[in-house]
Amino acid sequence: MTAAQIRQQFLDFFVSKGHHIVPSAPIVLKNDPTLMFTNAGMNQFKDIFLGNKQPQWTRVADTQKCLRVSGKHNDLEEVGIDTYHHTMFEMLGNWSFGDYFKEEAIAWSWELLTEVYKLPKDRLYVTVFEGSEAENLPMDSEAFDFWKRHIAEDRILLGNKKDNFWEMGETGPCGPCTEIHVDCRTDAERAAVPGKDLVNNDHPQVIEIWNNVFMQFNRMKDRSLVPLPAQHVDTGMGFERLVRVIQGKQSNYDTDVFTPLIRATEQLCGKKYGQTEKTDIAFRVIADHIRAISFTIADGQLPANTGAGYVIRRILRRAVRYYFSFLDVKQPLLHELVPILAEEFRTVFPELINQLDFVKKVVFEEETSFLRTLGNGLERFETTSTTTTTTTTKKIDGVAAFELSDTYGLPLDLIKLLAAEKGLVVDEEGFERELKQQKERSRAATKLDTGDWSVLDEQPTGIFVGYTELATDAKVLKYRQITAKGKEQYQIVLDKTPFYAESGGQVGDTGTLYFGDEAIAVTDTKKENDLIVHFTDQLPAHPEAAVKAEVDALKRRDIARHHSATHLLHAALRQVLGTHVAQKGSLVNAEYLRFDFSHFAKVTDEELASIEAIVNEKIRENIPVIIREMPRDEAMKLGAMALFGEKYGDTVRVVTIDPAYSLELCGGTHVGHTGELGLFKFLSEGAVAAGVRRVEAVTGAKAEAYVNEQIAQLKEIKAAVKNPKEPAKAVETLVAEKSALEKQLAALELKQVQQAAASLPQKAETVNGVQFVGTVVDASSADAVRLYANVLKDLLTAPFAAVLCANVGGKAQVAVLLSDDLVKVKGLNAQKIIKEQVAGLIKGGGGGQPSMANAGGQDVSQFPTVIEKVKSIL
């Protein structure tokens, strides 16, 4: 049975049990501040479990893309080492929202595994919650009794709170769970050691396959448990593990989920999987990581230096490190695997095949960039191994090792290997100390302390009325205090609100909540899953009082202008640049708009002018902006554009600006007619990431202000060049004259320095067999000091060293020069001398190369000391 057939049988089985099949949510989470990525099948149903949303169906099933890179058994650096943990994986799940509970969930899981998939019953074990005295929780005897109908009692094992009580987080819905484990060992191994002794003991062949969570409680801030108003079933079965068991493999990577990727990697690198442990780990890392990278990019998260983007960059770089170090591949490889992956998931997760060229390009550019970084890292290691190693212990210190890892991408095991080749060891304790400090800094920067909700009304969620109203009468449903980065704030939820919550690139509204005579400023509005949360710096004296919620109307109007402008812009970009253009991100606020889109070349000035002209033409046409709600399938048939990585419901909002021009799915706020935008002007264009460009623009009064500012600057320029008829030509002439004068000045300065430097060798003295010059020179800039050093280099006889000092406008400038033999044979380093011996003396800083380096500082009185210090090193 193929993996595709196994997946389909799961979905078909639960359809037969009355479940509705829902699509996978994007792997990148947009409106959940507690998570970067979808890490479990339940994430998209979180609001239902929290009681913030009513379910459309009480029974659903799905296969969900998940990403885990931290936590139990899922540390990134361990993935690929074993054969059954992954970063990106599929989670098969069936869900009940206040419908069926333990009896049906247990019966159906047993039926599917043993009757449909035909797994041998004598290889299966189940666990149930044993209870917890500390939590005053009894054993889950209900689950135990239901299991006795299907499996022998000696195969029902009791599990502790760690293994058999599932919690969403520090607070939130939770409850006991029952797991199903399968023993994949040989008959001889099973006869020697019973499988029940190995359950939940990290045995690679006795593994958990399915978890049924019974959500019964809500965990409060004080750690107490409160019964939920409705009981839910949340199940998850790891697809990759299931396929492995059904196909009778000893490793997830031996199944047809991964073998196409491994075979393709063999072709690309010329090595075979199954030969050595080191290369096998590399094959597994690549096969796992390309999935996480590709699907996350397809869902809208580009590699970056912070947040979720940094996680994806780390995963990609780990894969590159493995093929670079262990498969001897020194050119980009991962991008070649993207088409194979896209084809495999064409019918399951079509977002990848639909963006194949874009994802492949992004991966290629990231690989290429990091391979350069790796090369620089190896060069850096050579410097580090000589400059940071103590002669007594032959140890590379932890700070330097961590820099090699964090900045240059060299993994610790590679650093240790390179060090061993030089007879050195790495200070691993120091490395781990630096790593721990970095993690603590990262956690501190994002730490959010959230209190329990104070609930005034059990109504599940607030209604958004802000498409048609900017003020409304409301009441507070609940509120809580939060602390972020040391600042205390409050979150307030209303039964209805005109405040738009940050979503789809549009910023959240600000405004005021009026509780009688008391005015509470709303500083921001955000979504927490589907809950609209108003941020304030204080609570009203009487939260239970009636409230009038009023949006800042002027600010909203400017935001709406910029949002409608993004739709006009998107269509114009596709018209001028091509239909490959797709939105990859946006920011819409009252001041300007920012729009990211897929395109592989700089947008020329001529193209920008054409795009701007089209947008302004559509503004002058004063086209009505028509907004309708309709079934998603109907919108797709009309040709409405949807954004990859967004989660759309069955009913969608379609924004039309002339059906032949712009038709997009959008939940944002808009103007009534395009004429309200007044004017559209570009501010900038540039690259954001591989294959992604960014433009910024303004409309309305902001565009007028920008144009007026440009005109004012032009007037100033014209006045400065005596108001010529052709100011552009006059400025060009001025620039050309300036360039010519600079060249003349540089030539004169070089001649002056050559003449002055010619006498410097006469000041040389011999120090320990080295020709040494230490003097103060007359220089007008730091560049002139370096010029002195470059000229002097050709006048001295090796071995030589020089330290040149200059007072440049009251600031100290110092250059240190060493002959190549002093660097290579004697191990001297000008950069190290500058940083460690010179910079501190002149109260400044500097850097450079081993043979020549320079520093700038505040204290010119220390020149004699600097010269003597460098001389003493010789």
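Structure: above.
Below, the structure is looked at part by part.

The rules behind each value
Residues numbered from 1 in each chain as written. Predicted model: local features only at pLDDT ≥ 70, side-chain atom pairs only at ≥ 80, totals over all residues. Heavy atoms only, no water. Core = buried A, V, L, I, M, F, W, Y, C linked by side-chain atoms within 4.5 Å. Buried < 20%, exposed > 50% of the residue type's maximum accessible area, 1.4 Å probe, protein only. Helix = DSSP H or I, 4+ residues; strand = E, 2+ residues; numbered from the N terminus. Contact = heavy atoms within 4.5 Å. Polar contact = N/O pair within 3.5 Å; in protein donor to acceptor, adjacent residues only side chain to side chain. Pairing = 2+ DSSP bridges. Salt bridge = Lys/Arg side-chain N within 4 Å of Asp/Glu carboxyl O. Disulfide = S-S within 2.5 Å. Axes fitted to C-alpha atoms, helices over the stretch in contact; angles between N-to-C directions.

Concerning the nonpolar core
Part 1: Among the nonpolar cores identified, the biggest contains 118 residues, and I209 and L334 are the most heavily contacted of them.
Part 2: Looking at this core element by element, the count peaks at twelve residues for helix α9 (residues 277–298).
Part 3: Leave out the neighbours within four places in its chain, and L334 touches I286, I290, I293, L316, A319, V320, Y323, V363 and E367.
Part 4: Judged by nonpolar contacts, the second largest core, of 30 residues, contains A572, F595, V655 and V695.

Topic: the environment of Q56
Part 1: As for its placement among the helices and strands, Q56 is situated in the loop between α2 (46–50) and β2 (59–67).
Part 2: Exposure remark for Q56: the relative accessible area of 57% places this residue in the exposed category.
Part 3: Separated by 36 residues in sequence, Q56 and H20 have C-alpha atoms that sit 9.8 Å apart.
Part 4: Here the side chain of Q56 touches D650 through a polar contact of 3.4 Å, side chain to side chain.

Here's the deal with the pairing of strand β17 (residues 476–484)
Part 1: Sheet analysis places strand β14 (residues 454–455) next to β17, joined by two bridges and oriented antiparallel. Residue pairing in the sheet places S454 in a bridge with Y479 of β17.
Part 2: Judged from the eight bridges that link them, β17 and strand β18 (residues 487–494) form a sheet pairing that is antiparallel. Each residue of the ladder has a partner; that of V476, found in β18, is L494.
Part 3: Between β17 and β18, which pair antiparallel and follow one another directly, the connecting turn spans two residues, one of which, K485, has a positive phi of 55 degrees.

A look at the pattern of salt bridges
When the charged atoms of two side chains lie near each other, side chains of opposite charge can form a pair.
Part 1: On inspection of all chains with the given rule, the structure shows 45 salt bridges.
Part 2: E111 is the partner of K17 in a salt bridge, and the nearest nitrogen-oxygen pair spans 3.2 Å. Here K17, found in the loop between α1 (3–16) and β1 (20–21), pairs with E111, found in helix α3 (residues 102–116); they are 94 residues apart in sequence, far enough to count as distant.
Part 3: Owing to a relative accessible area of 24%, E111 belongs among the partly exposed residues under this scheme.
Part 4: Residue E428 pairs with K416 through a salt bridge whose shortest N-O separation is 3.4 Å. On the criterion of sequence distance, the pair formed by E428 in helix α15 (residues 428–446) and K416 in helix α14 (residues 412–421) is long-range, its members being twelve residues apart.
Part 5: On the basis of relative accessibility, which here comes to 37%, the residue K416 falls in the partly exposed class.

Notes on the state of the cysteines
Part 1: On inspection of all chains with the given rule, the structure shows zero disulfides.
Part 2: For the unlinked cysteine C174, the closest cysteine sulfur is that of C177, found at 11 Å.
Part 3: Judged by relative accessible area, C174 falls into the buried class, the value being 0%.

Side note on unusual backbone geometry
Part 1: That bond from A798 to P799 is cis: its omega, -5 degrees, falls within 30 degrees of zero.
Part 2: By the element assignment, P799 lies in the loop between α21 (782–793) and β33 (800–808).
Part 3: Unlike most non-glycine residues, N723 shows phi in positive territory, near 50 degrees.
Part 4: As for its placement among the helices and strands, N723 is situated in the loop between α19 (700–720) and α20 (727–757).

Some thoughts on the environment of A853
Part 1: Summarising the element assignment, A853 is placed in strand β36 (residues 852–857).
Part 2: Residue A853 is classed as buried on the basis of its relative accessible area of 1%.
Part 3: Residues A853 and K835, spaced 18 residues apart in sequence, show a C-alpha to C-alpha distance of 9.0 Å.
Part 4: Ignoring sequence-local partners within four residues, the contact set of A853 consists of V814, A815, V816, A830, Q831, I834, G847 and G848.

Points about the sheet that holds strand β25 (residues 593–598)
In a beta sheet, neighbouring strands pair by backbone hydrogen bonds and run either parallel or antiparallel.
Part 1: If you trace the four strands from one edge of the open sheet to the other, you get β24-β25-β30-β29, paired in antiparallel fashion. For this open sheet the edge positions go to β24 (583–588) and β29 (680–689), each flanked by a neighbour on one side alone. Strand-to-strand twist across the sheet, computed as the mean angle between neighbouring axes with direction ignored, equals 15 degrees.
Part 2: Taken together, the six bridges between β25 and strand β30 (residues 692–699) define a ladder with antiparallel strand orientation. Along β30, the bridge assignment pairs F597 with R693.
Part 3: On the sheet, helix α16 (residues 553–577) packs against β24, β25, β29 and β30 and is oriented at approximately 30 degrees with respect to β25.
Part 4: In the packing of helix α17 (residues 605–620) onto the sheet, the strands contacted are β29 and β30, and the crossing angle to β29 comes to about 135 degrees.

Geometric values such as these leave the question of function open.
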